[in-house]
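# What the coordinates show
What follows is the residue order along each chain.
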Amino acid sequence: AAPTAVLVGTSQGARRGLLIRGGDILEAASKVDSIVFDKTGTLTVGRPEVTDIRPVLLSGVSQSDLLSLAAALERESTHPIASAINAAASSKGVPPAVAEPGSVQHEIGGGVSGRVSGHSIALGSLAWVSKHAQQGVSEVPEQLEAASSSTHSQTEVFLARDGQMLGSMVLCDRVREHASSTVRKLQDRGYHTAMLTGDVRSSAVAVAQAVGIPKRDVYAGVKPGGKAALVQQLQAGGRRVAMIGDGINDASALAVADVGIAMGGGVDAASEAAAVVLLGDRLPQVLDALYLSKQTFRKIQ
Ligand code: ADP
Ligand code: MG
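Rules used in this analysis
- Residues numbered from 1 in each chain as written.
- Chains lettered and ligands numbered in written order.
- Predicted model: local features only at pLDDT ≥ 70, side-chain atom pairs only at ≥ 80, totals over all residues.
- Helix = DSSP H or I, 4+ residues; strand = E, 2+ residues; numbered from the N terminus.
- Rg over C-alpha atoms; globule rule 2.2 N^0.38 Å.
- Buried ≥ 20, exposed ≤ 12 C-beta atoms within 10 Å, placed from the backbone.
- Contact = placed C-beta atoms within 7 Å.
- Domains from an automatic or database assignment.
- Nonpolar A, V, L, I, M, F, W, Y, C, P; charged D, E, K, R; others polar.
- Near = placed C-beta within 6 Å.
- Core = buried A, V, L, I, M, F, W, Y, C linked by C-beta atoms within 7 Å.
- Pairing = 2+ DSSP bridges.
- Axes fitted to C-alpha atoms, helices over the stretch in contact; angles between N-to-C directions.

Next up on the list: the overall build of the protein. Along the protein, the regular secondary structure elements total 12 helices and 13 strands. For a compact globule of 301 residues, the expected C-alpha radius of gyration is about 19 Å, and the protein comes in at 21 Å, within 12% of that figure. Dimensions along the principal axes, computed over C-alpha positions, put the protein at roughly 70 × 35 × 35 Å. Looking at the protein residue by residue over its 301 residues, the buried ones come to 46%. Put simply, of all contacts in the protein between residues at least 6 apart along the chain, 61% involve residues at least 24 apart.

Following this line, the structure appears as structure tokens:
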């Protein structure tokens, strides 16, 4: 009867928009006790918009200059921040500068750099750009207070030219529908919940508060390799971990988790690394997947 029950479970999952890659996954899911969420694109919608452009005082660059340089680097990038910057440039009618062919390099979870009109440009998180910038870092306007709104999430990216900080861009993303009710239901059912993100702590904590994940369970500023290491650390502490993510930067963590779960709207690298894909791209489907696994294995045992 066991294989039949697993088959039934898997096909019931399919009917509810869950791609479950094999019967042993339902069994692993039935034993999970901790749910670790990525932030950008998982707890948030992952389609940020540029809401402010902030040149450093006396840097001599305008808002349009900053946007034009940023768009030159982001042209080929698939990161949600890149889409936001490209969209802002086109909606404001700012033509992107042109990056020297072959010069643009991405660092997953860090930013993007390249040569534009004879200058070396870096764009990304403050920590990452600061490694490229020797001057002007101290002139960066105070990092924005992260939004404490329950529906929006803010972050900021920084741009340096030839080692000098020129300014930043503020991006605003929306918290996903049903994020807080999903987290609360998981907690009510006894699951430990945590957040794992490459973004800075202030943005991470604001989203965690909006969705009800305790501050102490927020891991921010984590590099893609570090995401996998953190999942392994939780496992070493005896936890059975389901990791939920959407990005290239989540792929290795999804692969090492007891159950990797990918948002259906995420990148291919994430869904390929995951054991379960939420084809409907909706957070409450996590509850369905866990419930189904428990039902299936209750019947068998
Ligand atoms: P998350 O874990 O929340 O999905 P990422 O690991 O993808 O976030 O990115 C972490 C941080 O690195 C971003 O908040 C941003 O500051 C910077 N970053 C990554 N990729 C880019 C990019 N293409 N352009 C600008 N900044 C980037
Ligand atoms: Mg993400």
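The next subject is unusual backbone geometry. A positive phi angle, close to 65°, is found at leucine 58, a residue other than glycine. Looking at where leucine 58 falls in the secondary structure, it is placed in the loop between strand S3 (49-55) and helix H4 (63-74). Even without being a glycine, aspartate 281 presents a positive backbone phi close to 60°. Here aspartate 281 lies in the loop between strand S13 (276-278) and helix H12 (285-300). Owing to 16 C-beta atoms within 10 Å, aspartate 281 belongs among the partly exposed residues under this scheme.

According to the domain assignment, the protein contains domain 1 (2-45 + 176-300) and domain 2 (49-174). One C-alpha centre belongs to domain 1, the other to domain 2, and the line joining them spans 30 Å. With 6 residues, helix H8 (residues 201-211) is the largest single contributor of residues to the side of domain 1 that touches domain 2. Classifying every residue of the side of domain 1 that touches domain 2 gives 9 nonpolar, 8 polar and 2 charged.

All right, on to the site of ligand 1 then. The immediate surroundings of ligand 1 are formed by 24 residues, with Thr40, His79, Gly109, Ser125 and Gly198 found nearest. Counting residues per element, the ones that place at least two in the shell around ligand 1 are helix H3 (39-43), helix H5 (80-91), strand S5 (111-116), strand S6 (119-124) and strand S7 (152-161). Of all the elements, H3 adds the most residues to the shell around ligand 1, at 3 residues. Its residues assigned to classes, the shell around ligand 1 shows 5 nonpolar, 15 polar and 4 charged. Counting contributing residues per domain, the shell around ligand 1 is built from domain 1 (2-45 + 176-300) and domain 2 (49-174), each supplying no fewer than three.

Once that is clear, we can look at the nonpolar core. Counting residues in hydrophobic clusters, the biggest one holds 54 residues, and the most contacted among them are Ala242, Met243, Val259, Ile261 and Val276. No other element matches H8, which puts 6 residues into this core. Ala70, Ala72, Val116 and Trp128 belong to the second largest nonpolar core, which has 32 residues in total.

Quick look at the sheet that holds strand S11 (residues 241-245) now. Within the open sheet, the 7 strands sit side by side as S1-S13-S12-S11-S2-S9-S10. Their pairing is mixed. Strands with a single pairing partner mark the edges of an open sheet, and in this sheet they are strand S1 (18-20) and strand S10 (218-219). The pairing of S11 with strand S12 (residues 259-263) spans 4 bridges and is parallel. The partner of methionine 243 across the bridge, within S12, is glycine 260. Running at roughly 100° to S12, helix H2 (residues 23-30) makes contact with S1, S11, S12 and S13 of the sheet.

Right, let's talk about H8 for a bit. Residues Ser203, Ala204, Ala206, Val207, Ala208, Ala210 and Val211 constitute the buried set of H8. Of the surrounding secondary structure, the elements contacted by the buried residues of H8 are H3, S7, helix H7 (179-188), strand S9 (192-196) and S10. Of the residues trailing H8, glycine 212 is marked for its positive phi of about 95°.

Right, let's talk about the environment of threonine 40 for a bit. Within the fold, threonine 40 resides in helix H3. The class of threonine 40 is buried, set by 27 C-beta atoms lying within 10 Å. Each C-alpha atom, one on threonine 40 and one on valine 207, is 9.6 Å from the other, the two residues being 167 residues apart in sequence. Non-local contacts of threonine 40, meaning those with residues more than four positions away in its chain, are made with Gly46, Pro80, Asp173, Thr197 and Asp199.

Looking at the secondary structure, you find arginine 298 in helix H12. Along the chain, arginine 298 and glutamine 235 lie 63 residues apart, while their C-alpha atoms are 24 Å from each other.

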